[in-house]
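# A structural walkthrough
If you want the building blocks of each chain, they are given just below.
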Amino acid sequence: MSGEIRDKITGMCQDLGIPVVGFAPADRWDNPPFEPWVPEEFRPRAIYPETKTVIVIGLPVSLPVLETTPSIHYHELYRTVNTLLDMHGYRVAEFLTGIGHPSIWIPRDGYGSIAILKEKPVAFFSHRHAAYLAGLGTFGINNTLLTPEFGPRVRFASIFTSAEIPPDKVLEKNLCIRCMQCVAACPVKALNGKDYPEGLTEKRTCTARSEALANRFISPCGICIKVCPVGADRKRFAREDMGIYHEDDERFSVYHRAWKHVRSYGGR
Ligand code: B12
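Residues numbered from 1 in each chain as written. Predicted model: local features only at pLDDT ≥ 70, side-chain atom pairs only at ≥ 80, totals over all residues. Heavy atoms only, no water.

## Details of the sheet that holds strand β2 (residues 53-60)
Spatial strand order, β1-β2-β6-β3: 4 strands in an open sheet with antiparallel pairing. If you trace the sheet from one side to the other, it starts and ends with β1 (20-25) and β3 (103-106), each paired once. Put simply, the sheet's adjacent strands are angled 20° from each other on average, direction ignored. As paired elements, β1 and β2 share 6 bridges and run antiparallel to each other. Across the sheet, G22 pairs through a bridge with V56, a residue of β2. (Pairing = 2+ DSSP bridges. Helix = DSSP H or I, 4+ residues; strand = E, 2+ residues; numbered from the N terminus. Axes fitted to C-alpha atoms, helices over the stretch in contact; angles between N-to-C directions.)

As structure tokens, this is what we get:
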């Protein structure tokens with residue numbers, strides 16, 4: 001068990017500007033914390049048998065940009081964060097392989113097109129479950145993983161490594177406050193207000209909305225993560241008053257005008 005490797009990876013993440021990183025032993029997948037759990041063939045050791053530890057990295061989704069959704073601005077942020085996640089994941093894996101611990105990067109998404117998702121709405125590996133087991137957060141009513149720093153406004157990628165690395169503890173306190181703002185705000189009513197995994201999004205409806213927005217170059221949707229009150233980022237951006245998302249709240253009309261402007265350009 002190498003604390004030295006852990007220090008090297010956390011140092012590397014700091015240098016790369018990755019604010020969220022966690023470590024989970026691969027055997028944690030074999031003790032389901034809830035049901036239904038990730039099926040066997042979706043677990044790290046089934047995918048890469050050498051895996052001893054899964055490293056999960058996370059990059060934040062900037063709240064003021066997300067607030068413009070659906071827009072070209074959020075679309076571009078999403079693409080940029082995705083590219084960085086994949087690049088960083090690749091680099092961490094190659095670094096570990098180079099120092100004698102064979103490792104592989106797992107892409108942040110893992111699907112070719114929305115049309116494919118409509119047929120089969122799952123990827124070969126779930127980063128949310130990995131992030132949960134690496135102690136980075138807990139599941140919310142909105143079906144995403146909420147973190148203390150960024151609430152659900154963080155995207156993940158994972159690295160499977162043959163190195164044994166001291167793990168993080170799974171978070172015990174549920175971060176979701178069950179305020180149901182995500183349920184109320186979902187434009188296609190894809191959330192049913194139950195806890196994960198019973199509250200799983202109506203995947204087809206959610207995917208259909210994503211497809212409609214993609215055809216207009218303004219995907220993804222992201223409204224369920226925009227309205228979540230959890231996360232220290234809200235305070236950082238002075239966004240603790242949720243009245244800001246009520247278009248008829250005059251106090252925030254300057255923001256509403258700004259979002260309307262951004263939404264009017266660059267997409268259809
Ligand atoms: C497919 C997908 C979508 C689809 C379908 C969404 C959906 N509701 O499932 C679309 C394109 C619509 C979508 C939308 C969004 N997504 Co998305 N998406 C994914 C993706 C690529 C795969 C998810 C997956 O397949 N997991 C694997 C299965 C095992 O998990 P599961 O579906 O929860 O399955 C459970 C149950 O169904 C049950 N189960 C019971 N029987 C069976 C049988 C089988 C065969 C399986 C597999 C499971 C199963 O067991 C499982 C465990 O509990 C992941 C990236 C990734 N590779 O992880 C991102 C990901 C989940 N998405 C993300 C985000 C942020 C979003 C959006 C907010 C859009 C956005 N970026 O603004 C919305 C949120 C929608 C929502 N509220 O759920 C983030 C979440 C980050 C976070 N903080 O949690 C991820 C992790 C991407 C990333 N790299 O960060 N997404």
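## Considering the layout of surface pockets
In this structure, the second largest pocket occupies an estimated 200 Å³ of space. In this structure, the second largest pocket is lined by 13 residues; those nearest its centre are Y132, T138, F139, N174 and Y196. The residue inventory of the lining of the second largest pocket, partitioned by class, reads 8 nonpolar, 3 polar and 2 charged. (1 Å grid on protein atoms, 1.4 Å probe; cavity = no way out; pocket = protein on both sides within 12 Å on 5 of 7 lines; lining within 4 Å. Points joined across faces, edges and corners; volume = space filled by probe spheres on them. Nonpolar A, V, L, I, M, F, W, Y, C, P; charged D, E, K, R; others polar.)

## A look at the site of the ligand
Y74, N143, Y196, T201 and K203 are the nearest of the 39 residues found near the ligand. The separation between a nitrogen atom of the ligand and a polar main-chain atom of F125 is 2.8 Å. Measuring from a nitrogen atom of the ligand, one finds a backbone N or O atom of F156 at 2.7 Å. For the shell around the ligand, the secondary-structure elements that each account for two or more residues are α4 (72-98), α6 (127-133), β6 (154-161), α8 (203-215) and α9 (223-226). Residues of the shell around the ligand, tallied by class, amount to 25 nonpolar, 9 polar and 5 charged. (Near = heavy atom within 4 Å. Polar contact = N/O pair within 3.5 Å; in protein donor to acceptor, adjacent residues only side chain to side chain.)

## Thoughts on empty space enclosed by the protein
Counted according to the given criterion, the structure contains 1 cavity of 30 Å³ or more. Here the largest cavity defines a volume of roughly 100 Å³. As for the largest cavity, its lining consists of 16 residues, of which C176, C179, C182, C228 and P229 are closest to the centre. Here the residues of the lining of the largest cavity are counted per class, giving 12 nonpolar, 3 polar and 1 charged.

## Regarding the packing of aromatic side chains
Inspection of every chain in the model, using the stated rule, returns 11 aromatic pairs. When the ring of F34 is compared with that of Y196, the centres are 5.7 Å apart and the planes differ by 85°; the resulting orientation is edge-to-face. Of the two residues, F34 sits in the loop between β1 and α2 (44-47) while Y196 sits in the loop between α7 (181-185) and α8, which places them 162 residues apart along the sequence. Comparing F34 with Y196, the two get one shared label, buried. (Phe/Tyr/Trp six-rings, centres within 6.5 Å; stacked < 30°, edge-to-face > 60°. Buried < 20%, exposed > 50% of the residue type's maximum accessible area, 1.4 Å probe, protein only.)

## Points about the environment of P36
Along the polypeptide, P36 turns up in the loop between β1 and α2. Owing to a relative accessible area of 60%, P36 belongs among the exposed residues under this scheme. It is 16 Å that separates the C-alpha atoms of P36 and F124, two residues lying 88 residues apart in sequence.

## Structural notes on the environment of E4
Looking at where E4 falls in the secondary structure, it is placed in helix α1 (residues 3-16). Taking relative accessible area as the criterion, E4 reaches 55% and is therefore assigned exposed. Note: C-alpha distance between E4 and L63 (59 residues apart in sequence) is 35 Å.

## Topic: α8
Taking 1.5 Å per residue, 13 residues should reach 18 Å; α8 reaches 18 Å between its end C-alpha atoms and fits that length. Here α8 has its buried residues at T207, R209, S210 and L213. One side of α8 carries all its buried residues, which in axial view fall inside an arc of 155°. As for α8, its buried residues are in contact with α5 (114-119) and α9. Just downstream of α8, F217 is the residue with a positive phi angle, here 65°. (Expected span 1.5 Å × (residues − 1). Arc of directions from axis to C-beta. Contact = heavy atoms within 4.5 Å.)

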